[in-house]
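An overview of the molecular structure
The chain contents come next:
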Amino acid sequence: MGIVVIGSVFVDIKGFPDDVYSPTGRNAGRVEIVHGGVGRNVAEDIANVELRPTFVSMVDDTANGAEVLRKLRNHKVNTDYVITVPDGMGLWLAVFDNTGDLAGSISKRPKMEPMVELLDQKGDEIFRDCDSIVIEIDMDKEIVKRVFAYAAKYQKKVYAVVSNMVIASQRRDFLQSIDCFVCNLLEAGILFVDDFSALEPEDFVEVLYQKICKANIPSMVVTMGSRGAVYASQSGERGYFPPETVKVRDTSGAGDAFCAGVAIALTYGKTIRESVVIGTHLAASVITISESTCPRFLPSELGLNIEVAP
């Protein structure tokens, strides 16, 4: 059944200035509307590596919701467990500066309660034969609890990604049950109530290792933007991998593509370092375009020996 992704769907409204961005001024530029949401992005990224993920989520009962489903199906994402409900999607309003970095954003989160009933009714058929699970760890607690119960029942590995770290930091007990947690440097600071911004990646490696051991988190990968990514696991494997040098157009979605690459690689037998290499490549491919997901790759291009599904 492939990888199961549990997460939200957003519509992203993104503004890009034509010149140097002025936070208090009127900026001429362009506005783009694209499909987003951490879970939706991860599912499409996995599908763009010619795998066939199953997405568990919600869309609303509008033309926008129908278009989200159409696009996911065109990318060969299994949407059998995406339910349609009123107000089932979120909105993300973002403004980028002239270098492609996020200057500010506001988000409206969807109400995800209908997914609890979906998991109660169809959880066994969703998770029984999957290869692994990727979940937005900051979703409603009842959703997360049910997903971990099914993961334990069927002995499935769980990889966690985050949309709102303030919420996720209240789920530290859940993080002790995942196989790998992927987040960025700012989010890691919120989780561990610390400021890592002044640390060089090589110095942060040992700090992260000590932090996850004390918090009993099996493994973490922390992206550091233009400085690359740091990883550590309680088994002792830890290190740093630099970023790929590319021309940045839009950084949104890069972290989701990175998570997708890490989850794919770990699911199909790669080490955590090898997984970070693949995640870095997918993230680099996203920031060169205005879309929130990576372009299409064959698994073999990423060093993955996975049979491509029809």
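Everything quoted here is computed from the prediction, not taken from an experiment. (Residues numbered from 1 in each chain as written. Predicted model: local features only at pLDDT ≥ 70, side-chain atom pairs only at ≥ 80, totals over all residues. Heavy atoms only, no water.)

**Brief notes about the sheet that holds strand S3 (residues 29–36)**
Threshold: Only strands that DSSP links by at least two bridges are regarded as paired with each other. Secondary structure elements follow DSSP: runs of H or I of four or more residues count as helices, runs of E of two or more count as strands, with numbering from the N terminus. Angles shown run from 0 to 180 degrees and are taken between the N-to-C directions of axes, each axis being a line fitted to C-alpha atoms and, for helices, limited to the stretch in contact.
Spatially, the 4 strands line up as an open sheet ordered S3-S2-S6-S7, and their pairing is mixed. A strand with exactly one partner marks an edge of an open sheet, and here the two such strands are S3 and strand S7 (102–108). Across this sheet, the average inter-strand angle for adjacent strands is 15 degrees, counted without regard to direction. Looking at chain direction, strand S6 (residues 90–96) and S7 are connected through 6 bridges and run antiparallel. When the sheet's bridge partners are listed, Leu93 is paired in S7 with Ile106.

**So, the environment of Ile167**
The condition that has to hold: Only protein chains enter the accessibility calculation, which uses a 1.4 Å probe; a residue is then buried when its area is under 20% of its type maximum, exposed when over 50%, and partly exposed in between.
Tracing the backbone through its elements, the reader meets Ile167 in helix H5 (residues 165–168). Take Ile167: its relative accessible area is 23%, and that puts it in the partly exposed class. Spatially, the C-alpha atoms of Ile167 and Met139 are 8.3 Å apart, while their sequence positions differ by 28 residues.

**A few points about helix H4 (residues 141–154)**
So the rule is basically this: Any helix carries an expected span of 1.5 Å times its number of residues minus one. Regarding the arc, it is the one traced by the directions from the helix axis to the C-beta atoms. When checking whether two residues touch, look at their non-hydrogen atoms; a contact exists if any pair is within 4.5 Å.
Taking 1.5 Å of rise per residue, 14 residues should cover 20 Å, and H4 covers 20 Å from first to last C-alpha, within 8% of that figure. Three or more residues of H4 are buried, namely Ile143, Val144, Val147, Phe148, Tyr150 and Ala151. With its buried residues spanning 160 degrees around the axis, H4 presents them on a single face. Looking at the buried positions of H4, the neighbouring elements they touch are strand S1 (3–6), helix H3 (114–127), strand S8 (132–136), strand S9 (158–161) and helix H6 (172–175). Gln155 sits one or two residues past H4 and shows a positive phi near 55 degrees.

**Description of the pattern of salt bridges**
Let me state the cut-off plainly: For this analysis, a salt bridge means a side-chain nitrogen from Lys or Arg found within 4 Å of a carboxyl oxygen belonging to Asp or Glu.
Taken as a whole and assessed by the stated rule, the structure comprises 14 salt bridges. Put simply, Asp120 and Arg146 hold a salt bridge, and the shortest N to O gap is 2.7 Å. Pair noted here: Asp120 is in helix H3 and Arg146 is in helix H4, with a separation of 26 residues, a long-range link. Under the relative-accessibility criterion, Asp120 is labelled partly exposed at 46%. Among the residues examined, Arg146 registers a relative accessible area of 22% and is labelled partly exposed. The salt bridge involving Asp194 is made with Lys211; its shortest N-O contact spans 3.4 Å. Linking Asp194 in the loop between helix H7 (185–192) and helix H8 (201–215) with Lys211 in helix H8, this pair joins segments that are 17 residues apart in sequence. A relative accessible area of 38% means that Asp194 is categorised as partly exposed. Overall, Lys211 belongs to the partly exposed group, its relative accessible area being 25%. Overlapping salt bridges, with partners in common, bring together Asp120, Glu142, Lys145 and Arg146 in one network.

**Section: the pairing of S8**
Burial analysis of S8 places 5 of its 5 residues in the buried class, the great majority of the element. As judged from the 4 bridges shared by S1 and S8, these two strands associate in the parallel manner. The partner of Val5 across the bridge, within S8, is Val134. Inspection of the sheet shows S8 paired to S9 by 4 bridges, in the parallel sense.

**Description of the sheet that holds S8**
If you trace the 9 strands from one edge of the open sheet to the other, you get S5-S4-S1-S8-S9-S10-S11-S12-S13, paired in mixed fashion. Only two strands of the sheet have a single partner each, and these edge strands are strand S5 (78–84) and strand S13 (238–241). Strand-to-strand twist of the sheet, defined as the mean angle between neighbouring strand axes without regard to direction, takes the value 15 degrees. Across the sheet, H7 touches strand S10 (180–184) and strand S11 (219–223), and the angle it forms with S10 is around 115 degrees.

**With respect to the packing of aromatic side chains**
Stated formally: Pairing of aromatic rings covers Phe, Tyr and the six-membered ring of Trp, with a centre-to-centre limit of 6.5 Å; geometry is then stacked below 30 degrees between planes, edge-to-face above 60, and tilted otherwise. Remark: a charge is flagged as sitting over a ring if the NZ atom of Lys or the CZ atom of Arg is within 6 Å of the ring centre and within 35 degrees of the ring normal.
One pass over the full model with this rule turns up 6 aromatic pairs. Ring plane angle 20 degrees and centroid distance 5.4 Å describe the contact between Phe127 and Tyr150, whose orientation is recorded as stacked. Linking Phe127 in helix H3 with Tyr150 in helix H4, this pair joins segments that are 23 residues apart in sequence. The class for Tyr150 is buried, based on a relative accessible area of 13%. A cation over a ring is seen here: Arg30 above Phe16, with NZ or CZ 4.2 Å from the ring centre. Directly above the aromatic system of Tyr209 lies the positively charged group of Arg238, at a separation of 3.9 Å from the ring centroid.

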